[in-house]
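Report on the structure
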Amino acid sequence: MTIQKVMVIGAGQMGSGIAQVCAMAGYDVYINDLKEAFLERGLSGITKNLMRSVEKGRMTEEEKAGVLARIQTTTLLEDAKNVDLVIEAAVENMEIKTKIFAEVDRHAPAHAILATNTSSLPITEIAAATNRPEKVIGMHFMNPVPVMKLVEIIRGLQTADEVYSAIEDMTKKLTKVPVEVNDFPGFVANRVLMPMINEAIYTVYEGVATPEAVDEVMKLGMNHPMGPLTLADFIGLDTCLYIMETLHEGFGDDKYRPCPLLRKYVKAGWLGRKTGRGFYRYDG
């Protein structure tokens with residue numbers, strides 16, 4: 001299986017990051033979203049990232065121009081007819097993802113692989129929305145995509161070996177490190193990370209310590225580069241809650257029960273950095 005052209009669905013932080021690393025690796029990329037404004041914002045973010053790389057001497061102006069020339073924007077999923085691989089990076093919602101996969105399946109050529117960047121949802125269930133479940137696979141990139149090396153690669157129940165091999169090879173061409181993970185809720189990254197964040201929230205909820213104290217303990221005592229509550233604000237508290245709910249539902253185990261304080265903050269609209277307030281304030 002040869003991959004030359006890629007469509008990335010979703011021009012948010014994850015999708016634009018995936019589009020950037022694909023274009024930097026020499027792939028021709030379509031980046032798709034619902035509105036031109038979303039695409040413009042995503043392309044602006046890619047351009048800023050590349051400009052920083054030029055300023056730091058990591059790439060030349062000519063290389064930056066070449067990367068941008070390999071990226072096209074589109075609001076039409078029909079353009080999937082031109083690609084060898086689709087990477088979906090839309091909102092973490094099963095109904096939305098299955099709808100996207102069903103539509104892309106109708107437009108993409110028969111040989112095309114359909115990948116999802118889901119951080120917690122079952123690949124097998126997403127694949128069932130298509131007529132090519134053997135060509136559906138998970139590619140869970142880490143945030144920020146241009147910096148983080150890990151990609152969790154998740155097979156669905158019917159994912160073909162040659163599809164896994166093609167995605168593993170491509171991941172290496174992106175200068176990332178592929179790690180094979182089985183199709184369980186949360187995979188490895190979020191099955192381990194999110195309960196830790198949830199437990200950190202419980203320590204605040206129960207009055208054990210302030211957010212600042214919890215983060216200091218984890219940074220200085222466990223050598224974490226960022227405290228769990230700072231990280232939760234960075235990820236988005238709504239995303240943390242959704243993943244905890246996915247784990248709780250998927251395993252039926254109360255050890256994954258989301259902390260009531262997490263629910264309260266999300267209902268209040270305190271989602272972290274993106275709304276200016278979570279466990280910390282982000283004025284300006």
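What counts and how
- Residues numbered from 1 in each chain as written.
- Predicted model: local features only at pLDDT ≥ 70, side-chain atom pairs only at ≥ 80, totals over all residues.
- Heavy atoms only, no water.
- Helix = DSSP H or I, 4+ residues; strand = E, 2+ residues; numbered from the N terminus.
- Expected span 1.5 Å × (residues − 1).
- Buried < 20%, exposed > 50% of the residue type's maximum accessible area, 1.4 Å probe, protein only.
- Contact = heavy atoms within 4.5 Å.
- UniProt positions renumbered as here; feature names shortened; annotations may be inferred.
- Core = buried A, V, L, I, M, F, W, Y, C linked by side-chain atoms within 4.5 Å.

1. Observations regarding helix α7 (residues 189-205)
Between its terminal C-alpha atoms α7 stretches 24 Å, which fits the 24 Å expected from 17 residues at 1.5 Å a residue. Within α7 the residues assigned to the buried category are Ala189, Asn190, Met194, Pro195, Ile197, Asn198, Ala200, Ile201, Tyr202 and Val204. Elements that come into contact with the buried residues of α7 comprise β6 (136-141), β7 (150-155), α8 (211-222), α9 (228-235), α10 (237-251) and α11 (260-268). Phi turns positive, to about 75°, at Gly207, one or two residues after α7.

2. Describing the UniProt feature "domain: 3-hydroxyacyl-CoA dehydrogenase NAD binding" (unreviewed entry) in the protein chain
Look at the UniProt record and you will see "domain: 3-hydroxyacyl-CoA dehydrogenase NAD binding" (unreviewed entry) annotated at residues 5-183. Between the C-alpha atoms that bound residues 5-183 there is a distance of 27 Å. The span itself is 41% helix and 22% strand.

3. A word on the UniProt feature "domain: 3-hydroxyacyl-CoA dehydrogenase C-terminal" (unreviewed entry) in the protein chain
On the UniProt side, "domain: 3-hydroxyacyl-CoA dehydrogenase C-terminal" (unreviewed entry) is annotated at positions that read residues 186-282 here. Secondary structure within residues 186-282 divides into 63% helix and 0% strand; the distance between the first and last C-alpha atoms comes to 28 Å.

4. Here's the deal with the nonpolar core
Core analysis: the biggest nonpolar cluster contains 37 residues, and Ile3, Val6, Cys22 and Leu85 have the highest contact counts within it. Counting residues per element, this core draws most heavily on helix α1 (residues 13-24), which supplies six residues. Residues contacting Cys22, with those up to four places away along its chain left out, are Val6, Tyr27, Val29, Ile87, Met170 and Leu174. Judged by nonpolar contacts, the second largest core, of 23 residues, contains Ile197, Ile201, Leu237 and Leu241.

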